[in-house]
Each structure stands twice: as C-alpha cells, then as structure tokens.
Amino acid sequence: MADPTNNPRSAQGHANRLDWFLKARFGMFIHWGLYALLGQGEWAMNRQRIPLDEYLPLADQFKAENYRPREWAKLARQAGMKYMVLTSKHHEGFCLWDSKICKFNAVNSAAKRDLLAEYVEAVRAEGLKVGLYYSLGDWRHPDWFAGWQGDDAARERFMDWTHDIVRELMSNYGQIDILWYDLPQNYTPMQWRSVELNAMVRQLQPQILINNRAYTTEDFATPEQHLTAIPVNRPWEICMTLNDNWGYCPADLNYKTPREVALTLATASAGGGNLLLNVGPDGTGRIPEESQKILQSVGQWLKRNAQAVYPGPRFTISFNQWGPTTIDGFNMYLHLKTYQNKITIGGLIPQVRRASILSTGQELTIQRRPTQTILTGLPERSPDEVLTVIHLELDGPPDQDIGRIIGGADFFPVLPA
Ligand code: GLC
C-alpha cells in the first residue's frame, strides 16, 4: 500500500510539502533580465513606451559577464536565507533559459547560454530551495495584447503557448520548490485555465509550492511591500524591495538599513510568515555592493539571534510596546525596536525563570509585582548594533492577562460612588 505521507495530495502530504516553507522565514528574490541593462527598474519598457525594435536588441548586449549564481546563493545562505526565487521571465518576455518555445531567450542573447540551469545548480549546491518567478503577462508577445483586446483566436493561442512554456520550465530543471506567478491581470482565471495549468504543474512537480498569483489560492499568500503581522490561517510570504525598485536602478539609494530588515523579519516571524527580500543585479549579473553589505550585516545579526526568528509556525501575542515579539515553546523574544534599559511587561502570566540579552548572553535582573514583570540591568545603549533581542525563559507557555491591564480590579480600584 502506498504511504499516504509521501503523497503530496493527502492532508499529511500537504503538510509535509509545506513544512520547510513554514520554517524558512527568509528568502532572496532576484529580479534580473534585460531591463537591468537600462538601470531604471523592471518596468522601464512599459513606463517609457520603449518600441519593440529598440527593446529586443538589448539581448545582443546581455553578456552576463559577471553572472556567478554561486556567489548569489552564497550571499543568500550567509544572510540566513533558506530559498531563492529568480525571475525566469519578467513582463518584458525575455526567458533566462534555453526555451524551445520562446526564441527571445538567454541562449539567443550575447550570453549564449542557459542562465537558468546555472542558477538552479548553484542554489541547490548551497543547500537552498529553488524558486522560479514566472510572469504570465508578456509585453512582447503579440497575442498577449491582442487577446485581451478581444481577439479570441489570439487569446487561445496565447493560453496554449503559456501552458506549453510552463510545462517546459517545470520539466527540464529537476525539482523546483516554488513556482511564483505574477501579472495575471487582463485575463480571468477561466481564460488562463489556471486550475488545469496548476494541475499539470503538480503532476510534473509533486513537491512544488505555488503562489496565489494565477488567481487560484494554492499554497501561500503574497502580500507585497507592506506588512501587518496578523495571525492568518494560511501560509504567507511578504515580498519586499531592499531599495525602492525590484529591477536594477543605481540612482535609487533609498536602501533599508540592516535594522529595518531585521525588524521586518522579526515582524514576519511573529506572524508566522516569511520575508522574500529582493535584490536587483546589474546588467552584467552583479548584485549591487550596497545590497551585499546590508545582507551580510543582517546575516551576522541572524547568527547572533537565530532562535528568535526561525522557530516553526506560531503566532505572536500582544506584548509589543517595544516592537515585535516572537514565541517558541516556553520562550519569548522581545525585539527592541525601541531600546529601553528598563523593560516593564504588563500582565505576563507565567513566571520568568531567566532573562538575558540574546546576542551577548548577559543576564538581566527580574522583579515581579502582581501585574508587572520588570527587567533591569540592561546596558545604557543597545548592545546589539543592529537590533537587541531579549530572551525570556518562562515556566509555562507565554500568555498575557489583558484584563489586568485594561480594568482589572487590582489595577484600577473601584472608587466608592
Ligand atoms: C510589483 C512589480 C513587479 C514585481 C512584483 C513582485 O508588482 O510591479 O514588477 O515583479 O511587484 O512582486
């Protein structure tokens, strides 16, 4: 009899398939294509209405001379990331792989090789999970445009073409861990035949996780650029840029600091989600220096504070006047967005057995009053240069008595009338 746990369609199989993702917390998104040569983000072709006869020849300049995916993957691993998602084809329509279906591809560019194959191999070699972004929309494809202008025959051709090219992508590169669709706009799920498309993908890739951007729910939700950690009853991943652009844009120096990235990561973790953080390599394939530095610094921070970020799925509680709080078993981690050298926690129910600064191990003094737990002995200034995390070891599961804070009788004495 077949073991149902190995069947990704069974409930247990579904849980097994998602297991790594629910613990991953941090991944690298990579936007790389011909647009990188222009250095004005990945929407340049559309926003600047660049004529096709000017845009397509960019492929002749795309040499990928500094493309070393093993270095990308090393950087991701050292940053504490567990998976990578590369734009195999963005809206411009250029395919990074050796496609037999679309001639506008890397083998026919100045690079003259299958760049996707090198990526997949490099990501696996660094022990990370392999994700492929695929844009359903295609600015270059005449049928994509004609189809939604009302030409039914063009639309049907485009849909057949889409199913064929996704089949190709899912067939030739071994196990793919994530398929990350984008730009389903302009057609309906019925027109995409999304259910059929994904059934085919799952046939070819039984372990794959599929995002929700082909208009079907699938495995995980994809909030973009904004984050509110609310407990939702399904896996999610927030995607975010490191500066303000997805594609390479050297003029955009509005980078997030390592501290902002750490806080976003902690907030995602507190809500049981992942952060897919983007880099935009230049036209030669190099990840900008500034992005590398930020990721290295976040990676160092994660080494010091790993246990506060990586634990399995769980939801936060509302002890967050200082910043995000993550919990794991009988442990609580306070990520001090607002650094304080005296911390007062209202209404904590379990007793604190031990309190310490996670990255230095320094123990703190604990005082207990009926409604308050007070931690003192913290250094004057934040001891972790990126973000200080306090580790509380409790004698029971983290819980908070809200009643004691908002109106408990021992806190707000009832005054005689
Ligand atoms: C936005 C951008 C698109 C990018 C995507 C990533 O929708 O317009 O270019 O690929 O975000 O989620």
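On a predicted model such as this, the values are computed, not experimentally measured, just so you know.

Scoring rules and cut-offs
Residues numbered from 1 in each chain as written. Predicted model: local features only at pLDDT ≥ 70, side-chain atom pairs only at ≥ 80, totals over all residues. Heavy atoms only, no water. Disulfide = S-S within 2.5 Å. Domains from an automatic or database assignment. Contact = heavy atoms within 4.5 Å. Salt bridge = Lys/Arg side-chain N within 4 Å of Asp/Glu carboxyl O. Polar contact = N/O pair within 3.5 Å; in protein donor to acceptor, adjacent residues only side chain to side chain. Buried < 20%, exposed > 50% of the residue type's maximum accessible area, 1.4 Å probe, protein only. Helix = DSSP H or I, 4+ residues; strand = E, 2+ residues; numbered from the N terminus. Arc of directions from axis to C-beta. Pairing = 2+ DSSP bridges. Axes fitted to C-alpha atoms, helices over the stretch in contact; angles between N-to-C directions.

Asker: Help me understand the state of the cysteines in this model?
Answerer: Each disulfide consists of one covalent bond between the sulfur atoms belonging to two cysteines. The final tally for this structure, using the stated rule, is zero disulfides. Free cysteine: C239, not disulfide-bonded; nearest cysteine sulfur from C249 at 18 Å.

Asker: Help me out: how do you make sense of the domain arrangement of the chain in this one?
Answerer: Many authors give the size of an interface as the accessible area that is lost as the parts come together. Each assigned domain of the chain is listed with its residue range as follows: domain 1 (4–308) and domain 2 (325–394). The C-alpha-based centres of domain 1 and domain 2 are spaced at 38 Å. Counting from both sides, the interface comprises 13 residues of domain 1 and, opposite them, 14 residues of domain 2. At the boundary of domain 1 with domain 2, the tally comes to one salt bridge. Ionic pairing is found between R304 and D384, a salt bridge with its closest N-O pair at 2.8 Å. At the surface where domain 1 touches domain 2, the tally comes to six residue pairs in polar contact (both at pLDDT 80 or more).

Asker: Just to check I follow, could you spell out helix 5 (residues 69–78) for this structure?
Answerer: Each α-helix winds once per 3.6 residues, and so residues spaced three or four apart point in a common direction. Turning to helix 5, its buried residues number three or more, namely P69, W72, A73, L75 and A76. An end-on view of helix 5 places all buried positions within 160° of arc, on one side of the element. Of the surrounding elements, those touching the buried residues of helix 5 are strand 1 (26–30), strand 2 (83–89), helix 6 (115–125) and helix 12 (289–305).

Asker: I tried to follow the sheet that holds strand 3 (residues 129–135) on my own but got confused; where do I start?
Answerer: For sheets, the rule is that strands pair by backbone hydrogen bonds, running either parallel or antiparallel. An order of 5-4-3-2-1-7-6 is seen for the seven strands of this open sheet, with the pairing classed as parallel. Taken across any chain shown, the strands that pair with only one partner, and hence form the sheet edges, are strand 5 (209–210) and strand 6 (237–240). Sheet strands in contact with helix 6 are strand 1, strand 2 and strand 3, and its direction is about 150° off that of strand 3.

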